[in-house]
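Next come the chains, spelled out residue by residue.
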Amino acid sequence: MMVQITSAQAAILAVNSIALGGLLFLLSAGFSLIFGLMRIPNLVHGSFFMLGGYFGVTFLDRGVNFWLAALLSAAAMAVIGGLIERFLLRRLEGQILPQVLLTLGLAFIIADICLMVWTGDPWQPSPPPELRGTAQAFGMFFPLYRLAILGVAVVIAIALWLMVDRTRLGAMIRAGVDDPVIARVMGIKVSQLFTLIFCLGAALAAFAGVMGAPYLSVYPGLDFEMLPLALIVVILGGTGSLLGALVGSFLIGFLYNFGQAMFPDLAYVILFLPMVLVLVLRPQGLFGRVEA
Amino acid sequence: MATEALTLSGVDAYYGDSHVLHDVSFALQPGRLLGLLGRNGAGKTTCMSTIVGILKPRRGDIRLFGESVAGLAPDVIARKGIGLVPQGRRTFRSLTVRENLVVAAQPPRHGEAAWTLDRVFALFPRLKERQAQLAGSLSGGEQQMLAIGRALMGNPRVLLMDEPSEGLAPQIVAEVGRTIDRLKAEGQSIVLVEQNVKLTLNLADEVVIINTGRVVFQGSARELEGNEAVISQHLGVF
Ligand SMILES: Nc1ncnc2c1ncn2[C@@H]1O[C@H](COP(=O)(O)OP(=O)(O)O)[C@@H](O)[C@H]1O
Ligand SMILES: [Mg+2]
């Protein structure tokens, strides 16, 4: 049942795991903050990733610089996310199930629109020219671009951590995660925080979608491949915890890649078993806090 | 006649279909302390929740210095100047002491002495020592001080305190009592919700008793002190 792999293969798998982990962090950081603050699993989050990827490849097709394309896609998705929060989710405030169903409905709608606009063929852009080569280390060659994904994810993780952990705005977000009712009573505009976090989460997911495009490519169904991964990451790491999202992302990055290579028959077991164990043994997640 | 700091007139409040507050009316004069007494489940916390906007009144009006705040969102009401020390303290447990205070800060109204981090730390030196600690790691008494400090950071025109002595050792209760006395001396208008009748009678100017969601007594603290029949009927203590 177990497939033997060489150390060279293991090294490549490790790089792929790290790259996927970086993408998953960008995806699940927003997902986790939305879950922590608004108490809903945002089922349209995978669609933000895919739609962001499609936006990105469209810009790239017009000759736009890779990083600019990623930023433009993120900005466009921030606007779309903001509109969804203000005009759709806001109307159902406090009604968890209708909100979740709304995000699911939106995910299906976006999937159909993408199929119509971008057809069923996969789009795989080239990485930015400066990152097309390989890096040599320990006598092996590693694709530069996948290492760059890690670098970008680390930079964004640090920026997010500084924002959430070191600023008054971040403390207000954490207060809203702790006790949304009392946060409001203390004068914190929690509804505005919802919009802000939703925009930020959408932008990060879209940015990840563009970053991931040269590696995963963009194709119909990518949305519902990414969504469960974000869900597992957040369940493993604990909702509302950036550190949890970070650790969970790399854990899943490794389980996904090594699981598929070494235990191809059991890939899903290896992916979902840790989630089941955490749900049963430590429902607040590895880094989550027990509800008071 | 000067405007009242806070008035409730004919307030009815519900949890879903369950009718909890019936035609509740009372008024707090500026710079005074109104004690709100009542047995467990009488509707005191519901009354506070309705004033701060967690619960919308179905009928009646709530006015802060003459301006109606009934039906506004909690964060808007907070900015207009109502502060709450919630029952059970409810500090933000995963925030540090300092962060708990900072997130609740609101600019002071014109011409009033502002509460700042330094002033709260001067009032509660223990919070200053523990400012970098997570609120969840504080003792019950320290959490109560933090909850009071947090409410003060909003520079409230009216301060609501829901059972600040609950679950605290007698020594700490006395300390909380001294703090309330000091705030009152500085001119803070306060509604003090309590089951501790002795503490309330020591601090309050006026007292309101509610029983099953209705106001059943309204008068001065002196009046209530001499009225053991009312105390035993509605509060079940002597
Ligand atoms: N969230 C709630 N949902 C439904 N009923 C509630 C809720 N909170 C309190 N009640 C009911 O409202 C009544 C008043 O409760 P409360 O205001 O908490 O009383 P007190 O603070 O005086 O002890 C009680 O009968 C209580 O069971
Ligand atoms: Mg109560």
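One can find the structure itself at the top, above this paragraph.
Presented here is an overview of the structure given in this document. (Residues numbered from 1 in each chain as written. Chains lettered and ligands numbered in written order. Predicted model: local features only at pLDDT ≥ 70, side-chain atom pairs only at ≥ 80, totals over all residues. Heavy atoms only, no water.)

1. Quick word on the environment of B:Val230
All names here are of chain B.
Consideration 1: Position of Val-230 among the secondary structure elements: in helix H10 (residues 228-234).
Consideration 2: On the basis of relative accessibility, which here comes to 14%, the residue Val-230 falls in the buried class.
Consideration 3: Contacts of Val-230, omitting those with residues within four sequence positions, involve Ile-209, Phe-217, Leu-224 and Leu-235. (Helix = DSSP H or I, 4+ residues; strand = E, 2+ residues; numbered from the N terminus. Buried < 20%, exposed > 50% of the residue type's maximum accessible area, 1.4 Å probe, protein only. Contact = heavy atoms within 4.5 Å.)

2. Here we look at empty space enclosed by the protein
Consideration 1: Tallied over the full model, the rule gives 2 cavities of 30 Å³ or more.
Consideration 2: Taken together, 13 residues line the largest cavity, and the ones lying closest to its centre are A:Val185, A:Met186, B:Ile82, B:Gly83 and B:Gly154.
Consideration 3: Counting only elements with at least two residues in the lining of the largest cavity, the list comes to strand E6 (82-85) and helix H6 (140-153) of chain B.
Consideration 4: Taken together, the residues of the lining of the largest cavity sort by class into 8 nonpolar, 4 polar and 1 charged.
Consideration 5: Counted as a void, the second largest cavity has a volume near 60 Å³.
Consideration 6: If you trace the second largest cavity, you find it lined by A:Leu255, A:Tyr256, A:Gly259, A:Gln260, A:Ala267, A:Tyr268 and A:Leu271.
Consideration 7: Looking at the lining of the second largest cavity, the elements that each hand over two or more residues are helix H10 (242-262) and helix H11 (267-281) of chain A.
Consideration 8: Per-element tally for the lining of the second largest cavity: the top contributor is H10(A), with 4 residues. (1 Å grid on protein atoms, 1.4 Å probe; cavity = no way out; pocket = protein on both sides within 12 Å on 5 of 7 lines; lining within 4 Å. Points joined across faces, edges and corners; volume = space filled by probe spheres on them. Nonpolar A, V, L, I, M, F, W, Y, C, P; charged D, E, K, R; others polar.)

3. Quick word on the site of ligand 1
Residues and elements named next belong to chain B.
Consideration 1: For ligand 1, the full set of nearby residues is Tyr-15, Val-20, Arg-39, Asn-40, Gly-41, Ala-42, Gly-43, Lys-44, Thr-45 and Thr-46.
Consideration 2: Here an oxygen atom of ligand 1 sits 2.7 Å away from a polar atom, N or O, in the main chain of Gly-41.
Consideration 3: At 2.4 Å, a side-chain N or O of Thr-46 approaches an oxygen atom of ligand 1.
Consideration 4: About the coverage of ligand 1: the protein hides 57% of its 560 Å² of free accessible area.
Consideration 5: When residues of the shell around ligand 1 are assigned to their parent elements, the largest contribution, 3 residues, is made by helix H1 (residues 44-52).
Consideration 6: Partitioning the shell around ligand 1 into residue classes produces 3 nonpolar, 5 polar and 2 charged. (Near = heavy atom within 4 Å. Polar contact = N/O pair within 3.5 Å; in protein donor to acceptor, adjacent residues only side chain to side chain. Areas by Shrake-Rupley, 256 points an atom, 1.4 Å probe, with all protein chains shown as cover.)

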